[in-house]
Amino acid sequence: MTTPDNVPAAGGVRWKRFGGMLALTGAVTAGLVALTASGVLAANFSISGMPFTVTATKLHGEGFEQFATLDNMIPGSPNAGDEGEQKVLIVSAINQAELTKLCQSVSLGGAHLKITAGDAGTNVSARALVVDSDLISGDADFQRINVGQDASTFDKVRDPATGEIIKGGEGVFGQQADSVDILNLRQNNYATTAARFTLPHLRMSFTSDGC
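Since this is a predicted model, take the numbers as computed values, not measurements. Throughout, a residue's number is its position along its own chain's written sequence, starting from 1. For this predicted model, a pLDDT threshold of at least 70 governs which residues receive local features, and a threshold of 80 or more governs which side-chain atom pairs are given and counted, while totals over whole chains, interfaces and linings are taken from all residues. The basis for every side-chain value is the complete set of heavy atoms in the structure, and neither hydrogens nor water enter the calculation.

Peer 1: Give a description of the confidence of the model for the protein chain that names residues and reports values.
Peer 2: Averaged over all residues, the pLDDT of the protein chain equals 82, while 79% of them reach at least 70. In the predicted structure, residues 1-43 sits below a pLDDT of 50 and forms 141 contacts with residues beyond four places in sequence or in another chain. One confidence number per residue, pLDDT, is output by the predictor and ranges from 0 to 100. Any two residues whose heavy atoms approach within 4.5 Å are treated as being in contact.

In structure tokens:
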């Protein structure tokens, strides 16, 4: 997962041309994210390979970017499966985000670890939020969007501590917008980072069902 603390302009992973698709189900606007370069942004930590679900009744973001990346698991990870220890994922980066009625859950076999927040009148907020997903759905509305922009030229999301811009690799197809609103958001995620993440009315428990 790319983090805002140490984001190179182009990562060190070298591989052949690959394609990835992003579809925002029922969205007002949708974008295609494809890897067309030999260098892409690499994760700076090993993902577990266990997906987790995130939902929110509404997400509002100021400063939005999307591009593709390659995340890695540890060698010999038990979660690698048939796809191996690497996953091509969609990076969604938001400079300032607010989420209403956030729910996050991960399946642990017979139970789910479930986290909820932002459901008591105060929204969840995040600064320099970066999420790696293989599925995103919702009803989306973008303001001043550029589709097909080279991800290495993005300028909408910054690390507030260093001022460094979060962006993708050279030649990577992506999209960025001044703002985004997504209703009924649902994501299948593999990693999330943020410079700051504030979760009012946080609750964590083991449940029989997920989000």
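Peer 1: Residue-level account of the nonpolar core, with values.
Peer 2: Residues belong to a common nonpolar core when they are buried Ala, Val, Leu, Ile, Met, Phe, Trp, Tyr or Cys residues joined through side-chain atoms within 4.5 Å. Buried means the residue's accessible area, taken with a 1.4 Å probe over protein chains only, is under 20% of the maximum for its type, while exposed means over 50%, and partly exposed covers the values in between. By size, the foremost hydrophobic cluster in this structure holds 23 residues, and its most contacted members are Leu-59, Phe-64, Ala-97, Leu-99, Phe-142, Val-180 and Leu-185. Runs of E in the DSSP output that reach at least two residues are strands. Runs of H or I that reach at least four are helices, and both are numbered from the N terminus. Among the elements of the structure, β3 (52-72), β4 (86-100), β5 (102-107), β7 (124-150) and β8 (173-193) are those that each provide at least two residues to this core. In terms of residue count, β7 provides more of this core than any other element does, seven residues in total. Counting 10 residues, the second largest nonpolar core, distinct from the first, contains Phe-67, Ala-151, Val-157 and Val-172.

Peer 1: I'd love a proper account of the environment of Gly-63, names of residues and values included.
Peer 2: Note that Gly-63 resides in strand β3. With 95 residues separating them along the chain, Gly-63 and Arg-158 place their C-alpha atoms 9.1 Å apart. The residues contacting Gly-63, other than those within four sequence positions of it, are Ala-93, Ile-94, Asn-95, Lys-156, Val-157, Ala-177, Asp-178 and Ser-179.

Peer 1: Got a sec to walk through unusual backbone geometry? Specific residues and values, please.
Peer 2: In this structure, Lys-101 is a non-glycine residue whose phi angle is positive, near 55°. Along the chain, Lys-101 falls in the loop between β4 and β5. Classification of Lys-101 by relative accessible area gives partly exposed; the value is 48%. Although it is not a glycine, Arg-144 adopts a positive phi angle of roughly 50°. Examined against the element boundaries, Arg-144 turns out to sit in strand β7. Arg-144 sits in the exposed class, given a relative accessible area of 68%.

Peer 1: Just give me the short version of the pattern of salt bridges, but keep the residues and values in it.
Peer 2: Each salt bridge in this description consists of a side-chain nitrogen of Lys or Arg and a carboxyl oxygen of Asp or Glu lying within 4 Å of one another. Summed over all chains, the structure comprises four salt bridges. Between Asp-178 and Arg-144 there is a salt bridge whose closest N-O contact spans 3.1 Å. Taken together, the positions of Asp-178 in strand β8 and Arg-144 in strand β7 put the pair 34 residues apart, joining distant regions of the chain. Between Lys-156 and Asp-178 there is a salt bridge; the shortest N-O distance is 2.6 Å. Taken together, the residues span a long stretch of sequence, with Lys-156 in the loop between β7 and β8 and Asp-178 in strand β8 at a distance of 22 residues. Residue classification places Lys-156 among the partly exposed residues on the basis of a relative accessible area of 26%. Judged by relative accessible area, Asp-178 falls into the partly exposed class, the value being 27%.

Peer 1: Tell me what's going on with a nonpolar patch on the surface, and back it up with residues and numbers.
Peer 2: Each patch is built from residues lacking any salt bridge and having more than 30% relative accessible area; the joining distance is 9 Å for like charges and 5 Å for nonpolar side chains (Val, Leu, Ile, Met, Phe, Trp, Tyr). For every accessible area listed, the method is Shrake-Rupley and the probe measures 1.4 Å; residues are considered covered only by the protein chains on display. Judged by side-chain polarity, Met-50, Leu-108 and Phe-206 come together as a nonpolar surface patch covering roughly 310 Å² of accessible area. Inspection of the secondary structure assignment puts Phe-206 in strand β10 (residues 203-207). With a relative accessible area of 63%, Phe-206 lands in the exposed category.

Peer 1: Give me the lowdown on the packing of aromatic side chains, citing residues and values where you can.
Peer 2: Each Phe, Tyr or Trp ring, with Trp reduced to its six-membered ring, pairs with another whose centre is within 6.5 Å; inter-plane angles below 30 degrees give stacked pairs, above 60 give edge-to-face pairs, and intermediate values give tilted ones. Applying the stated criterion across every chain, the model contains two aromatic pairs. Each ring, one from Phe-64 and one from Phe-142, has its centre 5.3 Å from the other, and the planes form 45°; the classification is tilted. One end of the pair, Phe-64, is in strand β3; the other, Phe-142, is in strand β7, and 78 residues separate them in sequence. When its relative accessible area of 3% is taken as the criterion, Phe-64 is described as buried. Both rings, one in Phe-67 and one in Phe-154, keep their centres 6.1 Å apart while their planes meet at 55°; by these two values the pair is tilted. A residue pair is termed long-range when its members are at least 10 positions apart, and Phe-67 in strand β3 and Phe-154 in the loop between β7 and β8 qualify at 87 residues. Judged by relative accessible area, Phe-67 falls into the buried class, the value being 0%.

Peer 1: Just give me the short version of the environment of Arg-158, but keep the residues and values in it.
Peer 2: Along the chain, the position of Arg-158 falls in the loop between β7 and β8. If near-sequence neighbours (up to four positions away) are discounted, Arg-158 is found in contact with Asn-95, Arg-127, Ala-128, Gly-163, Glu-164 and Ile-165. Within the structure, Arg-158 has its side chain in polar contact with the backbone oxygen of Gly-163 (distance 2.7 Å). Whenever two N or O atoms come within 3.5 Å, that pair is a polar contact, provided that in protein one can donate a hydrogen and the other can accept it, and provided that, for residues adjacent in sequence, both atoms are side-chain atoms.

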